[in-house]
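Single-letter residue listing:
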Amino acid sequence: MLNVSTKDLVPSPVGPVDVEQAEAALVERYPRLVRIAYLVLPPSLGRNRRVLTAHALVQRALPRRRVAGPSVPEPRLAEDAVDPGYAYVRSEVLRQALVAGLPLRRLALPSRAQFPPLLPHVWGLRLFPRVGGADELALDQRLSRLSGPARAAYVLRGLERQGDAEVLRVLAAAGVADPASALAEADALDDAPELPGEGADGAQPPTGNGALPPAGGGAGPEGRDTEQAGPGRSGAGGARGDRPGPDASGRTELPGHGEPGRRRSGAALLESDEFDPCALQARPTDLLRRRQHARAGIVAVAALLVCGALLGLPGDGWGRNGAAAPSYARNPAAEAALDPGALKRVDPAVWPASTRQDFSVWPARGALTGDRALLRRALAVWARPGASVRSSATPGTPVGPPMGPPQLLFAGEVDGARVVILHDGLRAVRYAEPVGGTAGAALDFARTDGADAVGSAALVLSRAAGNVRYLTAPWVRETSVRDLLAPGEDARPLGRDAGGVTEPMTSPALAKGCTRWSTLQVRDGSGLRMLADLGELAPARLLWGPPAAPADATGPEAREAWARTACQLSAVRAHGVRSVNAWRFARQPLPEGAGSGTWLCTRAETWRGTGSRVLAQFLVPSPSVPAALAARSEGSPACGVRDPRVLAGVLWQAPGGGWYVLAAGSPDFTALETSGGVKGRSDGPLLAVKAAAGARADLDGTLADGTRVRALR
């Protein structure tokens, strides 16, 4: 009967464990951990595989990152005086060893521990511990009849000298479903009667034909390997070493262990060399079978090479492309897509009378639209870019060749390079090569499907020396430059040539700091638009207002807000962004009479429709202080048309030195609540709770229908 209370089943309160701490414990006690794994693994695996698997399980027991302890530590017991690093590694070794002993099932997903280890791996040799005496053999046979959890319980109590309560906790932490049954099964091991066929010393009798294993090595009973005769051991057919035989009482005197005439206990035998997988002997594998396998491998490799050569034969027969069309030189559709004479060219008189305004009505502009050699190179590099071509694409943009003849938008010389811009209805493609040759060509892809008049108002033509030039749409009437960080300054006019190419302006995509953020302001037939260079071929449109009805960020209020949040645009750079909308979802009176804070939500929509990024920001009353990033999320519908709600919080220090948790939600929230390090609740979408410096809290809110919503993360 086990004398264990319910409290004893609570896992041991081990604190946090760093990777370095676990590694130090593993290296220092590596032999002990490997011995534990070897004893818990099922003997049916064979001694060679048990040795290699035991080493592999211990070497894989390190955590990948810091292991957190319990949030509120339990009172430590006397049995908990174990290094946390060693306790964690030992628990992992036990867990993997127990999993390795489970049988493979047809419908269950196998675990890594159930397969032979990849490392360490030994070729051409079989490794096994030194062979012990009759007591070790008897103990090994008795352990083989126990279940995996019972072997673990026996090893923890016998080898680790742990009490029943700690054994139960360690087994529970290792994933054992019924630790008490495993401990009871281990208790019965030493009290079990002798098995039929075991002698007084626990040794097995000779086999049916009376033959004994040869002394020169080989496999004995249960797949055990015997050693050659040597010091301390007899020759063929003799007893094991110079060990005395059993006396009349059936007990064996073991030199150096205990009292004369008394058999060692099972717990003492666990320290024997029989169960030490770090002190090993080696024997060769089956040499004849190895030679046969080598010949079969050579034949298989030769057959594989012949089949590969046959599959790669050119021509109309058995080729690697199967039923695919021939290469570009013999494919009419692909050949037409690479023909510069087949490029689509729109007349400049088309767009004023067109019912749509997008890239499809852009006329072909530039001084090199008639350079067939340049256009042919651009099309060929698009279809088959070489290794020397610097290629880039916005996320989610396919980079394959065009499906048919694309549309020519521009071909000309800009900033010392020949530039060609093409459009195939889905993508805008920019090809650039140096004026002096074709070495160092660049190819850029940007997804532009579904672009409207504003989305197709401009494309990046060139970036050089920290500046950017744009190619503007034919319906753009004027262009200017506005610094987002200086909302009080007027926009500076930006000149254009007759082909719609702007003068160079500073590019924030190439800037290392955030001292200014120049944007392109364009005027079309319906108003002003604000476009920002985020390092892609198509600039992003800047908006201001609620998600249901945003407007271009050209008004005074929008410019004031964007002046304090513009530097956060670097978080969405080179992300395939189509538009960025910022809106004020709450104003909050600050504690201690510090004025009013403003909460903004910024959402970046992408051309591909997925991967949108959301930023929640907090603005203090001082207009010179940039916005503080309160939360960020990717792929969340928050702050968008489908889900305009948002909830965020920050830890704020008042001018008087006090610390507060400030939180705000959109008007849909009827209550806010914090938990964890700071506890507080408020009715309505605003909350302010006094806190300590560095405090951390969880935040959630309640909607009018009772739905609980977590903070943006």
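These remarks concern the structure in this document. Just so you know, these numbers come straight off a predicted model, no measurement behind them.

Analysis parameters
Residues numbered from 1 in each chain as written. Predicted model: local features only at pLDDT ≥ 70, side-chain atom pairs only at ≥ 80, totals over all residues. Heavy atoms only, no water. Buried < 20%, exposed > 50% of the residue type's maximum accessible area, 1.4 Å probe, protein only. Helix = DSSP H or I, 4+ residues; strand = E, 2+ residues; numbered from the N terminus. Pairing = 2+ DSSP bridges. Axes fitted to C-alpha atoms, helices over the stretch in contact; angles between N-to-C directions. Parallel < 35°, antiparallel > 145°, perpendicular 65-115°, else oblique. Left-handed = near helix turned anticlockwise from the far one by under 90°. Contact = heavy atoms within 4.5 Å. Nonpolar A, V, L, I, M, F, W, Y, C, P; charged D, E, K, R; others polar. Phe/Tyr/Trp six-rings, centres within 6.5 Å; stacked < 30°, edge-to-face > 60°.

With 7 of 8 residues buried, strand β4 (residues 407–414) is to be regarded as a mostly interior element. As defined by bridge partners, β4 adjoins strand β5 (residues 417–423) across 7 bridges and the pair is classed as antiparallel. Note that in β5 the partner of A411 across the bridge is V420. From the end of β4 to the start of β5, which pair antiparallel, there are 2 residues, and D415 there has a positive phi angle of about 50°.

It is at 10 Å that the axes of helix α6 (residues 148–158) and helix α7 (residues 164–173) come closest, and there the two elements cross at 135°. Regarding the angle of α6 to α7, the classification is oblique. Read as a crossing pair, α6 and α7 show a hand that is right-handed. Contacts from P149, A152, A153, L156 and R157 in α6 reach D164, V167, V170 and L171 in α7. Grouping the constituent residues of the contact of α6 with α7 by class yields 7 nonpolar, no polar and 2 charged.

Take the packing of aromatic side chains next. Taken as a whole, this structure holds 7 aromatic pairs when the rule is applied. Considering the side-chain rings of W599 and F618, the 4.8 Å spacing of their centres and the 50° angle between planes classify their relative orientation as tilted. Within this pair, whereas W599 is found in strand β18 (residues 596–606), its partner F618 is found in strand β19 (residues 613–619), the two being separated by 19 residues in sequence. The exposure class of W599 is buried, given its relative accessible area of 0%.

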